Amino acid sequence: MASQKRSRSSTQDDNPRAAKRSRHDDEEAAARDAGQIEYLHLENFMCHRNLEVELRAGVNVITGNNGSGKSAILAALQVALGSKAKSTNRGTSMKEVIKEGEESCRVTVYLSNGGEDAYEPDTYGSRIVVVRRLSRTSTSSYKIQDEDGHNVSSSVKDLRKILDHFNIHLDNPCTVMNQDVSRVFLANSTPSAKYHFFLEATQLQKMMDDFEESMKHKAVMHRVVEQKQAAIQDTKRELDRLKKEFDDASHLKDLDRQIRELDSELLWALVRDKEVYLKRFQENLDKLESVRDAHQARKEELDKQKAEHEKQVDDTKNELIEKSKEFKEQDEALNDERHSFANIKRESGMVQRSIDDWKTRIRHCIQRIETYKREIRSLEVEGNRDKSGELREREEKIERYTKMLDDSKKALEENREKQNAILDELNQAEEQVRSSSTSVHAVKSQIDRTKQKINQMGRQNQDPLAYYSPEMRSLFREIERNRHRFQKCPVGPIGMLVKVKDLKWAGTVELALKNSLSTFVVDNSRDRQVLMDVAKHCRARISAITQTFSDRVYSEEQLMRGGVPDPRFRTIFQLMDVDPNRARHTGIQYDRTAYATSMNALIDQSQIAQTILANNDDEAKRIMFARQTPAHAVMCYSMNGSKFQKRGNTEVMDPRKNVYSTLWAENFDAQIRELTAEMENQSREYHELHTELKKHEKEARRVKSAQNALREEERKLQRSVKHAEQNLDAINREPFPEQEDKNDEEIAFRQNLIVQEEDKKKELEESIEKFKEENSDMIVKMAEAEKRLKELDHRKTQIRTEVQAITAKLEAVK
């Protein structure tokens with residue numbers, strides 16, 4: 001005790017403030033309660049350059065003129081004990097309380113720490129000293145010292161503990177009420193404001209806030225308890241199952257003990273019979289072992305055949321996909337060629353009809369020439385009989401049927417022109433029907449896919465394992481139960497161990513890795529067989545790949561050896577990361593090897609280090625369809641899910657509008673709402689397209705009906721032409737009546753007509769040849785198009801036969 005007094009005395013001699021504190025007599029120090037303010041010292045604080053204030057026990061009153069710095073003392077007390085500048089109503093920054101022209105200020109407060117309520121008296125002694133320094137150029141600092149001036153702490157947390165212990169609440173208006181608060185409270189306070197003041201002064205407001213926060217924590221804990229209770233039920237069922245297995249095992253041990261006892265008794269009772277039995281048993285055992293060896297060899301052979309068959313199935317599936325794609329491309333090319341051929345055929349039909357018309361006119365010239373020749377012969381042979389009446393009747397018939405023939409041909413020509421026009425209209429209508437039907441089916445497929453995504457997200461929102469097969473949770477339990485059978489525990493599904501760093505790419509990455517995310521990874525073929533047996537027992541359909549387990553993800557050097565695109569391109573690998581939080585849903589404790597192996601499997605199997613990501617379709621096209629494709633880049637995905645790939649000189653594009661992730665999402669509810677709104681828009685689009693399809697189908701039926709009417713009219717006109725031609729031929733075959741006089745002028749007239757008809761015939765033949773020369777390109781184009789059409793049709797038939805053969809091969813392999 002004496003040493004403590006000597007130490008304190010020496011400190012007081014060195015420190016004038018400590019010396020001033022020594023002026024307090026022992027009786028006043030004893031009268032103070034713990035936490036009372038003994039002394040304040042202000043340096044360069046507001047209007048005070050150096051101010052010391054001693055406070056006695058009881059009530060202290062500070063008086064002075066306006067602006068003399070009374071409120072600055074209260075503000076200094078608030079600042080020293082941790083209040084913010086705004087709470088003092090002296091500015092918005094602590095720099096504003098530093099005296100003008102100075103760079104820093106300091107406030108020192110002495111707190112009494114005696115009596116039963118003292119705070120850590122062994123550490124601080126009979127008083128606690130709080131020093132706060134403020135600077136314009138650096139941060140503020142705290143020092144909490146003991147009664148001897150030694151630094152104990154500089155933490156604000158420790159200062160708050162001291163204030164809480166002494167029940168000093170600076171934010172309580174009953175503790176500190178500055179001028180502005182007093183003025184508002186006394187002059188303009190309302191009942192509600194007074195009530196609020198009362199709540200703050202009595203700490204009821206803080207208690208109510210703490211109570212409300214406690215109730216929220218209580219609700220959270222209730223939910224946690226409910227979840228734990230549900231988990232307890234599963235654990236109880238598992239415990240019951242294990243107890244049953246334990247009882248069965250105990251029963252088996254008892255039976256085994258009884259068997260050993262019975263064997264021992266039988267051994268002593270029937271030694272000779274036992275020897276015979278053992279001999280026979282050994283023989284049977286040798287046979288069984290040989291059979292077992294044969295079965296084991298057969299099993300290994302079957303496993304090898306199965307692996308070969310699985311490889312053959314995969315190869316056949318890939319071949320079938322390629323052939324199906326080629327068949328689709330060939331079918332599209334054939335449809336385009338048919339459409340082009342129909343256009344060429346329609347144009348060539350018009351050319352052929354023009355040629356046929358000229359040939360008909362030539363034939364009519366020949367018929368008239370023959371008629372005139374017969375008439376001349378009749379005039380020359382028969383003489384001059386009077387057949388004038390018959391000639392007039394004959395000429396009237398010829399004129400009537402010729403007029404009928406010309407009118408019918410003219411109507412037939414108009415009918416064919418109408419048919420050509422109606423054919424174009426029909427092709428257009430049928431094309432619109434096909435286009436609308438394709439759009440309707442496409443939108444219907446989109447609606448079905450959207451419904452499937454909504455249902456998937458709804459299930460996954462409740463259970464993260466719902467993304468996979470329903471038997472997945474049962475499979476995890478079986479894997480854990482059969483863990484001793486594996487050399488290394490399987491890892492998977494891969495989607496439960498990895499995540500996407502940037503969720504805006506989640507939908508695109510999930511689309512690119514769709515098949516791999518549901519896959520398990522095993523270390524060797526034996527573990528793969530065990531996993532497949534366990535999955536078969538659970539009736540779970542899974543896929544597994546064999547990948548050597550590693551506790552490290554491939555290094556950058558290893559990736560460079562395998563080949564990666566230019567670093568300026570973003571890849572899927574750069575967005576992937578492990579996800580221990582999701583892995584806990586499997587119920588299996590995975591180590592770092594599992595996560596590293598999952599990433600390596602995606603690198604090897606899904607080529608995530610060679611798959612580029614682009615912000616939009618245009619950027620993806622520029623990357624993949626440039627003259628020089630980026631080295632080691634296998635494909636590129638845009639943010640909306642479109643896929644771009646270059647195979648040799650062939651540019652492959654799979655466009656999409658947008659994609660959603662059903663595996664990785666911060667908020668499935670928001671995505672479900674977006675998908676529901678999108679499905680409503682798709683439904684409206686479907687109804688609009690369906691209405692438009694019905695409209696086009698009605699128009700096509702109308703045009704088809706008009707075409708049928710024109711064809712029926714064409715058949716009637718053709719019958720009329722045939723009828724007129726037959727009658728003219730019949731009239732021309734009849735014997736020509738002689739005229740009364742052998743009139744040389746009449747004969748000369750007909751000879752002149754023959755010359756005119758021959759000239760006309762020659763002119764028509766020349767026109768045909770000229771027309772053929774002018775349209776020779778059309779004829780050649782028609783022949784080439786027909787040849788291409790036959791080749792495409794033949795190739796399509798070949799591909800269909802190959803697809804059928806591959807399908808049959810696949811079924812046979814399965």
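The structure presented is a predicted model; accordingly, all values stated were derived computationally and were not measured. Residue indices begin from 1 for each chain and proceed along its sequence in written order. Local features in this predicted model are restricted to residues whose pLDDT is 70 or higher, and side-chain atom pairs enter the listing and the counts only when it is 80 or higher, whereas totals over whole chains, interfaces and linings include all residues. For side-chain calculations, the full set of non-hydrogen atoms in the structure is used, while hydrogens and water are omitted.

We call a set of buried residues a nonpolar core when its members are Ala, Val, Leu, Ile, Met, Phe, Trp, Tyr or Cys and they connect through side-chain atoms within 4.5 Å of each other. Throughout, exposure labels follow a simple rule: accessible area from a 1.4 Å probe, protein chains only, divided by the maximum for the residue type, with under 20% read as buried, over 50% as exposed, and the rest as partly exposed. Formed by 49 residues in total, the largest nonpolar core has its most connected members in Leu475, Ile479, Phe520, Ile542 and Met576. If you look at the next biggest cluster of nonpolar residues, it comprises 35 residues, including Val109, Tyr119, Ile128 and Ile168.

The subject of this paragraph is the side chain of Asp523. Numbering of helices and strands starts at the N terminus; helices are DSSP runs of H or I of at least 4 residues and strands are runs of E of at least 2. By secondary structure assignment, the location of Asp523 is in the loop between strand S8 (519–522) and helix H14 (525–538). One polar contact links Asp523 to Asn524, side chain to side chain, over a distance of 3.4 Å. Identification of polar contacts relies on pairs of N or O atoms within 3.5 Å, with a donor-acceptor requirement for protein atoms, meaning one able to donate a hydrogen and the other able to accept it, and with residues adjacent in sequence counted only if both atoms are side-chain atoms. Within polar-contact distance, the side chain of Asp523 engages the backbone nitrogen of Phe549 at 3.0 Å. With sequence-adjacent residues up to four places away left out, Asp523 is seen in contact with Lys488, Thr546, Gln547, Thr548 and Phe549. Whether two residues touch is decided by their heavy atoms; if any such pair falls within 4.5 Å, the residues are in contact.

Moving on to a positive patch on the surface. On the surface, a cluster of positive charge is contributed by Lys84, Lys157, Arg160 and Lys161. With relative accessibility at 48%, the residue Lys161 sits in the partly exposed group. Like-charged residues are merged into a patch within 9 Å and nonpolar side chains (Val, Leu, Ile, Met, Phe, Trp, Tyr) within 5 Å, provided each residue has over 30% relative accessible area and no salt bridge. Using a 1.4 Å probe, accessible areas were evaluated by the Shrake-Rupley method; residue-level cover was limited to the displayed protein chains. Salt bridges are defined by distance alone: a side-chain nitrogen of Lys or Arg within 4 Å of a carboxyl oxygen of Asp or Glu. The positive count covers Lys and Arg only, the negative count covers Asp and Glu only, and His and the chain ends enter neither. Charge placement uses NZ in Lys and CZ in Arg. For Asp and Glu, CG and CD serve respectively.

This brings us to the sheet that holds strand S1 (residues 37–45). In spatial order, the strands read S2-S1-S3-S4-S5-S6; together these 6 strands make up an open sheet with antiparallel pairing. Looking along the sheet, the strands with just one partner apiece sit at the ends: strand S2 (48–54) and strand S6 (151–153). Shown here is a sheet whose adjacent strand axes are inclined to one another by a mean of 20 degrees, direction ignored. A pair of strands is labelled paired if DSSP reports no fewer than 2 bridges between them. With 6 bridges connecting them, S1 and strand S3 (residues 104–112) associate as antiparallel partners. Across the sheet, the residue bridging to His41 is Thr108, located in S3. Running over the sheet, helix H4 (residues 70–80) touches S1, S2, S3, strand S4 (127–135) and strand S5 (141–145) and is turned about 100 degrees from S1. For helices, the axis comes from a line fit to the C-alpha atoms of the stretch in contact; other axes are also lines fit to C-alpha atoms, and the angle between any two N-to-C directions lies between 0 and 180 degrees.

To continue, consider the sheet that holds strand S15 (residues 650–654). Within a sheet, each strand pairs with its neighbour through backbone hydrogen bonds, oriented either parallel or antiparallel. Strand order across the open sheet formed by 5 strands is S10-S12-S13-S14-S15, with mixed pairing between neighbours. Both edges of this open sheet fall to strand S10 (570–571) and S15, since each of them pairs with a single strand only. As defined by bridge partners, strand S12 (residues 611–614) adjoins strand S13 (residues 635–638) across 4 bridges and the pair is classed as parallel. Paired with Thr611 across the bridge in S13 is Met635. Lying over the sheet, helix H19 (residues 617–624) contacts S12, S13, strand S14 (643–647) and S15, oriented at roughly 15 degrees with respect to S14.

Our next topic: the confidence of the model for the protein chain. Detailed reading of the predicted coordinates is not advisable wherever pLDDT falls low. When pLDDT is averaged across the protein chain, the result is 76; 80% of the residues are at 70 or more. For the protein chain, per-element mean pLDDT is lowest for helix H1 (residues 2–14), which scores 35, and highest for S3, which scores 93. Per-residue confidence from the predictor is reported as pLDDT, which spans 0 to 100. Within the model, the stretch residues 738–742 combines pLDDT values under 50 with 22 contacts to residues more than four positions away or in other chains.

Before going further, it helps to examine the packing of helix H12 (residues 472–481) against H14. Packing of H12 against H14 leaves a shortest axis separation of 9 Å and a crossing angle of 135 degrees. Viewed along their axes, H12 and H14 adopt a mutual orientation that is oblique. With respect to the hand of their crossing, H12 and H14 are arranged in right-handed fashion. Across the interface between the two elements, Ser474, Leu475, Glu478 and Ile479 of H12 pack against Leu531, Val534, Ala535, His537 and Cys538 of H14. Only Asp, Glu, Lys and Arg are considered charged, only Ala, Val, Leu, Ile, Met, Phe, Trp, Tyr, Cys and Pro nonpolar, and every remaining residue, Gly among them, polar. The residue inventory of the contact of H12 with H14, partitioned by class, reads 6 nonpolar, 2 polar and 1 charged. Oblique is the label for any angle not under 35 degrees, not over 145, and not in the 65 to 115 range, which are roughly parallel, roughly antiparallel and roughly perpendicular in turn. Two helices that cross are described as forming a left-handed crossing if the nearer one is turned anticlockwise from the farther one by less than a right angle, and a right-handed crossing if clockwise.

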